[in-house]
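Single-letter residue listing:
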Amino acid sequence: MTAKLINGKEIARKKRIQVANEVKKLKEMNVTPGLAVILVGDNQASRTYVRNKQKACHETGMHSELIEYEDTITEQELIKKITELNEDPSIHGILVQLPLPKHINEIKMIEAISPEKDVDGFHPINIGRMMTGQDTLLPCTPYGVLEMIAEIDIDITGKHAVIVGRSNIVGKPAGQLLLNKNATVTYCHSKTKDLKAYTKQADILIAAVGKANLITSDHIKEGAVVIDVGMNRNEEGKLCGDVAFDEVKEKASYITPVPGGVGPMTITMLLFNTLKAAKNTLNKE
Ligand code: GUN
């Protein structure tokens, strides 16, 4: 079997058109969805991510603000700014780009964001709502993964989903969202013994560890759906995922490429969340 490609870039393109149309409708009602991004320090990767997030906002007609600070900023100053943004009616989404400098407690900053404006879906209130299956702002990468699975002809109910990686922003919520869709979920991680024994049982395999080519064809059951969340550089400096794509594609039924897979979906779901947060303010009035 040669797997069909789940083309994240194309799915993201279509979804962004949908967002742009909805933004237009909201603007006719005098609401322009607005995103504020806080960037601390000069981490180059963060700077690139933030630039792409802003570009995507502008392309869909949203308002976006970049608030930049030197890495000498204090927790108090940052909390003051977040509080201001919480109260600013032109801002519907607030995102503090991670990682933050060591002297700033990331959890404290996330908890300072109003849950209604937490478009990353990282606030414990939103995580709790997600766990209890309520409608809420979902973390963008796992949300994007679910949207990609929704594009293919597969019923998640009763399927065995194996998640490799247990980060708070990808692995853990990805498992929870699949559980909410009635999958049977297994979490694997760096301490798991005999990883293959689990991954070989997966109908749906989510690789989110950050280790190039960790998942090879002997980890895969014939016909599995393989979603690669990894973003690594190989020895030649080329972008690659956690999955050895060329060999795994011969065994899987569906596979996501890197680049052009999950990556473009993450920012798209951030746009959806910002739109949702803006719409929610209308419902409140
Ligand atoms: N750093 C890496 N990924 C993310 C993300 O999704 N959101 C934020 N805020 N920071 C990140």
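The rules we used
- Residues numbered from 1 in each chain as written.
- Predicted model: local features only at pLDDT ≥ 70, side-chain atom pairs only at ≥ 80, totals over all residues.
- Heavy atoms only, no water.
- UniProt positions renumbered as here; feature names shortened; annotations may be inferred.
- 1 Å grid on protein atoms, 1.4 Å probe; cavity = no way out; pocket = protein on both sides within 12 Å on 5 of 7 lines; lining within 4 Å.
- Points joined across faces, edges and corners; volume = space filled by probe spheres on them.
- Helix = DSSP H or I, 4+ residues; strand = E, 2+ residues; numbered from the N terminus.
- Nonpolar A, V, L, I, M, F, W, Y, C, P; charged D, E, K, R; others polar.

Looking at an unreviewed UniProt entry, one finds the protein named Bifunctional protein FolD and attributed to Bacillus aquiflavi. Per its UniProt entry, the protein bears the Pathway (unreviewed entry) comment "One-carbon metabolism; tetrahydrofolate interconversion." Under the UniProt heading Sequence similarities (unreviewed entry), the entry covering the protein gives this text: "Belongs to the tetrahydrofolate dehydrogenase/cyclohydrolase family."

The next subject is the layout of surface pockets. There is about 1300 Å³ of room inside the largest pocket. In this structure, the largest pocket is lined by 45 residues; those nearest its centre are Tyr 49, Thr 141, Met 231, Gly 263 and Thr 266. Taken together, the elements giving at least two residues each to the lining of the largest pocket come down to α1 (8-28), α2 (44-59), β4 (93-96), α6 (140-150), β9 (232-233) and α10 (262-284). Residue contributions to the lining of the largest pocket peak at six residues, all from α10. By volume, the second largest pocket is sized at about 470 Å³. Lining the second largest pocket are 22 residues, with Asp 135, Leu 138, Tyr 143, Glu 147 and Lys 181 positioned closest to its centre. Considering every element that reaches the lining of the second largest pocket, the biggest residue donor is α10, with six residues. Its residues assigned to classes, the lining of the second largest pocket comprises 11 nonpolar, six polar and five charged.

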